[in-house]
Amino acid sequence: MSEKEKITIENIVASTSLAEHLDLSKIALALEGSEYEPEQFPGLIYRLQDPKTAVLIFRSGKVNCTGAKNLANVRLTIEKIIQKLKKAGIEVYDNPDIVVQNIVAVYDLESDLNLTDIAMSLGLENVEYEPEQFPGLVYRVEEPKVVLLLFGSGKVVCTGAKEESEIEQAVIKVKKELQKVGLI
């Protein structure tokens, strides 16, 4: 099994723009089950069941999609929102650019980790490890620019990636570094 196959994407956050301006009160009526309480939060929240995602729609026309586990579901979510808004007579762009802001993924090194030893070997400039504050070691990888959270169980959470390939690169990189110093 390749490293890529062992990586599980848990969440993709992406953004797009559907218009120059949107009337959220009108959209709240058009999207059944949406939540819009402008005195609490400036955006409208709408949850889809299939795919299981949520979107935040703002007056500025900006839309954030969260909860997708792959890029196809991000696109499908945005397409469904566009379709529902057009059906309600709300003018929106047809094929907006979608920009991935963050991908969160998990990986298992399949080995227990001594986080204290790892903190010393990875170099203090890129590592934060305060076990009394947080049980994981925070490793800031410079290239690709992602953050890895390493746990004693060998589980790794990767955040900050903009592309799936960056997660794989980071996992391979940390694995090589830990193997080089005999910590896995």
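Source: prediction; values computed, not measured.

(A) Just the overall build of the protein chain, in detail. What the protein chain contains, in helices and strands, is 5 helices and 9 strands. In terms of overall size, the protein chain is more extended than a compact globule, its C-alpha atoms giving a radius of gyration of 20 Å where 184 residues would be expected to give roughly 16 Å. Overall, the protein chain is about 60 × 35 × 25 Å in size when its C-alpha atoms are taken along their principal axes. In the protein chain, which comprises 184 residues, the share counted as buried stands at 41%. Restricting the contact set of the protein chain to residue pairs at least 6 apart, pairs at least 24 apart contribute 59%. Counting every atom, the protein chain has about 10,500 Å² of accessible surface; 49% of that belongs to carbon and sulfur. When the 21 positive and 29 negative side-chain charges of the protein chain are each reduced to one mean point, those points stand 4 Å apart.

(B) Summary view of unusual backbone geometry. Omega for the peptide link from aspartate 50 to proline 51 comes to 0°, which places this bond in the cis form. Looking at the secondary structure, you find proline 51 in the loop between strand E2 (44–48) and strand E3 (53–57). Residue proline 144 is reached from glutamate 143 by a cis peptide bond, and omega for that bond is 0°. Looking at the secondary structure, you find proline 144 in the loop between strand E7 (137–141) and strand E8 (146–150). Backbone geometry places glutamate 110, a non-glycine residue, at a positive phi of 55°. Looking at the element boundaries, glutamate 110 is found in the loop between strand E5 (99–108) and helix H4 (115–122).

Scoring rules and cut-offs
Residues numbered from 1 in each chain as written. Predicted model: local features only at pLDDT ≥ 70, side-chain atom pairs only at ≥ 80, totals over all residues. Heavy atoms only, no water. Helix = DSSP H or I, 4+ residues; strand = E, 2+ residues; numbered from the N terminus. Rg over C-alpha atoms; globule rule 2.2 N^0.38 Å. Buried < 20%, exposed > 50% of the residue type's maximum accessible area, 1.4 Å probe, protein only. Contact = heavy atoms within 4.5 Å. Areas by Shrake-Rupley, 256 points an atom, 1.4 Å probe, with all protein chains shown as cover. Lys, Arg positive; Asp, Glu negative; His and termini not counted. Charge placed at Lys NZ, Arg CZ, Asp CG, Glu CD.

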